[in-house]
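One letter stands for each residue in the lines below.
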Amino acid sequence: MTTYAVGDLQGCHAEFVELLERLSFRPGRDQLWLAGDLVNRGPASLECLREVMALGSSVRTVLGNHDLHLLAVARGTGSLKPHDTLQGVLEAVDREAILDWLQSQPLVVCQGEALMCHAGLLPGWTQARAVALADEVHAVLVSESAGEFLAQMYGNNPDRWDELLEGVDRQRMIVNAFTRMRFIDAAGRLDFAAKQGLDSAPSGFLPWFQYPRHDDIRILFGHWAALAGTTPGSRVRAEALDTGCVWGGSLTGLNLDTGERISVPAGRSAINN
């Protein structure tokens with residue numbers, strides 16, 4: 001069995017199918033880890049979701065910020081933004097089954113020393129702590145109060161983790177750390193404005209992976225297309241998977257056993273094509 005980790009699909013269905021062929025991926029034999037953001041910006045969000053769901057137990061995915069945005073629009077009080085490409089999912093005949101499946105996905109998946117989340121892992125969160133905190137949000141998402149949470153999920157505050165946080169503030173901070181984080185300061189405060197490469201860091205802030213950890217776990221993440229699959233200056237075992245397919249880059253699969261990367265260049269799914 002081979003386990004492959006793949007970066008953000010973002011509606012790039014044609015490239016996803018081609019990548020699975022390039023990987024010689026066989027459901028039932030191999031495992032696929034997806035770094036979240038299965039949907040939005042690209043032209044085929046619905047097709048990506050159906051393709052992933054069809055893989056059944058051979059795939060494990062985490063929720064990204066775009067996936068949560070889809071859920072907030074469909075089942076909270078969120079509204080579509082000008083550049084969203086989610087209408088196909090919202091109008092699909094199998095919409096409810098798809099949304100149920102998506103809403104049941106976790107924020108973190110782990111196997112041995114490897115942990116995958118969409119955006120990254122705060123330096124002070126151990127692997128066990130990360131799983132426990134992700135489970136808190138998962139419990140809300142699969143509960144009867146999910147709609148209430150999704151309606152209050154958006155927001156930049158609080159922007160720093162505190163064990164004393166409670167309720168929706170605590171849940172929002174967990175979601176923001178796992179799905180939106182890029183730059184943090186030495187106190188662990190998140191910056192939400194800078195979204196480009198490392199040279200866009202605000203004063204006093206560094207990429208989360210340039211802060212040391214007290215363990216040596218392997219952290220797999222997507223979300224940050226501007227990194228182009230690299231983690232310059234990293235002080236932890238962090239592996240970036242988002243190589244910006246929807247922006248004209250590529251879709252990348254990482255063999256977790258060998259470290260080999262296989263990429264498919266963006267085709268017509270790219271926004272600038």
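Below you will find a few notes about this structure.

The next point concerns the packing of aromatic side chains. What the rule picks out here adds up to eight aromatic pairs. Relative to F221, the ring of W208 lies with its centre 5.0 Å away and its plane at 75 degrees, an arrangement referred to as edge-to-face. Pair noted here: W208 is in the loop between β8 (205-207) and β9 (218-221) and F221 is in strand β9, with a separation of 13 residues, a long-range link. Here a set of aromatic residues connected by ring pairs shows up, and it is made of F183, W208, F209, F221 and W224.

Structurally, D191 is set in strand β7 (residues 190-191). Buried charge without a salt bridge: D191, with R182 as the nearest opposite-charge side chain at an N-O distance of 7.8 Å. A polar atom in the side chain of D191 sits 2.9 Å from the backbone nitrogen of A194.

What follows concerns the nonpolar core. One finds L32 and F178 to be the most contacted residues of the largest nonpolar core, which totals 81 residues. Beyond its immediate stretch of four places on either side in the chain, F178 contacts L107, V108, C117, H118, A119, G120, L121, W125, A130 and A134. Membership of the second largest hydrophobic core comes to eleven residues, among which are A5, A35, V62 and L254.

Inspection of the secondary structure puts F149 in helix α7 (residues 146-152). The buried category is assigned to F149, whose relative accessible area is 3%. Sequence separation between F149 and R75 is 74 residues; the distance between their C-alpha atoms is 9.9 Å. Ignoring anything within four residues of it in the chain, the contact list for F149 reads V137, V140, L141, V168, Q171, R172 and V175.

What follows deals with the sheet that holds β8. Sheet architecture is open: three strands sit in the order β7-β6-β8, paired in antiparallel fashion. At either end of the open sheet lies a strand with only one pairing partner, and these are β7 and β8. With two bridges connecting them, strand β6 (residues 183-185) and β7 associate as antiparallel partners. Each residue of the ladder has a partner; that of F183, found in β7, is D191.

Further remarks concern unusual backbone geometry. Cis geometry is found at the peptide bond from N157 to P158, where omega equals 0 degrees. Considering the arrangement of structural elements, one finds P158 in the loop between α7 and α8 (167-179). Non-glycine residue R41 carries a positive phi angle of around 80 degrees. Following the sequence through the fold, R41 ends up in the loop between β2 (31-34) and α2 (45-54). At H223, a residue that is not glycine, the phi angle is positive and equals roughly 75 degrees.

Within a beta sheet, neighbouring strands are joined by backbone hydrogen bonds and run either parallel or antiparallel to one another. Spatially, β4-β5-β9-β10 is the arrangement adopted by the four strands of the open sheet, whose pairing is mixed. In this open sheet, the two edge strands, each paired with only one partner strand, are β4 (108-111) and β10 (237-240). For this sheet the average axis-to-axis angle between neighbouring strands, irrespective of direction, equals 20 degrees. Where strand β5 (residues 114-117) lies against β9, three bridges are found, and the strand directions are parallel.

Before going further, it helps to examine helix α3 (residues 65-75). Because an α-helix packs 3.6 residues into every turn, residues spaced three or four apart end up facing the same way. Burial within α3 is extensive, with nine of its eleven residues counted as buried. Buried within α3 are the following residues: H66, D67, L68, H69, L70, L71, A72, V73 and A74. Where the residues of α3 are buried, they touch α2, α4 (87-90), α5 (95-103), α6 (127-141), α7 and α8.

Take the pattern of salt bridges next. Inspection of the entire model under this criterion finds 16 salt bridges. Linking R29 and D30 is a salt bridge whose minimum nitrogen-to-oxygen distance equals 2.4 Å. Residue D84 pairs with R41 through a salt bridge whose shortest N-O separation is 3.2 Å. You can see D84 sitting in the loop between α3 and α4 and its partner R41 sitting in the loop between β2 and α2, a full 43 residues away along the chain. What makes D84 buried here is its relative accessible area of 13%.

Another aspect to go through is the environment of A54. As for its placement among the helices and strands, A54 is situated in helix α2. Among the residues examined, A54 registers a relative accessible area of 67% and is labelled exposed. Once the C-alpha coordinates of A54 and M153 are considered, the two residues, 99 residues apart in sequence, prove to be 29 Å apart.

Cut-offs used in this document
Residues numbered from 1 in each chain as written. Predicted model: local features only at pLDDT ≥ 70, side-chain atom pairs only at ≥ 80, totals over all residues. Heavy atoms only, no water. Phe/Tyr/Trp six-rings, centres within 6.5 Å; stacked < 30°, edge-to-face > 60°. Helix = DSSP H or I, 4+ residues; strand = E, 2+ residues; numbered from the N terminus. Buried < 20%, exposed > 50% of the residue type's maximum accessible area, 1.4 Å probe, protein only. Lys, Arg positive; Asp, Glu negative; His and termini not counted. Salt bridge = Lys/Arg side-chain N within 4 Å of Asp/Glu carboxyl O. Polar contact = N/O pair within 3.5 Å; in protein donor to acceptor, adjacent residues only side chain to side chain. Core = buried A, V, L, I, M, F, W, Y, C linked by side-chain atoms within 4.5 Å. Contact = heavy atoms within 4.5 Å. Pairing = 2+ DSSP bridges. Axes fitted to C-alpha atoms, helices over the stretch in contact; angles between N-to-C directions.

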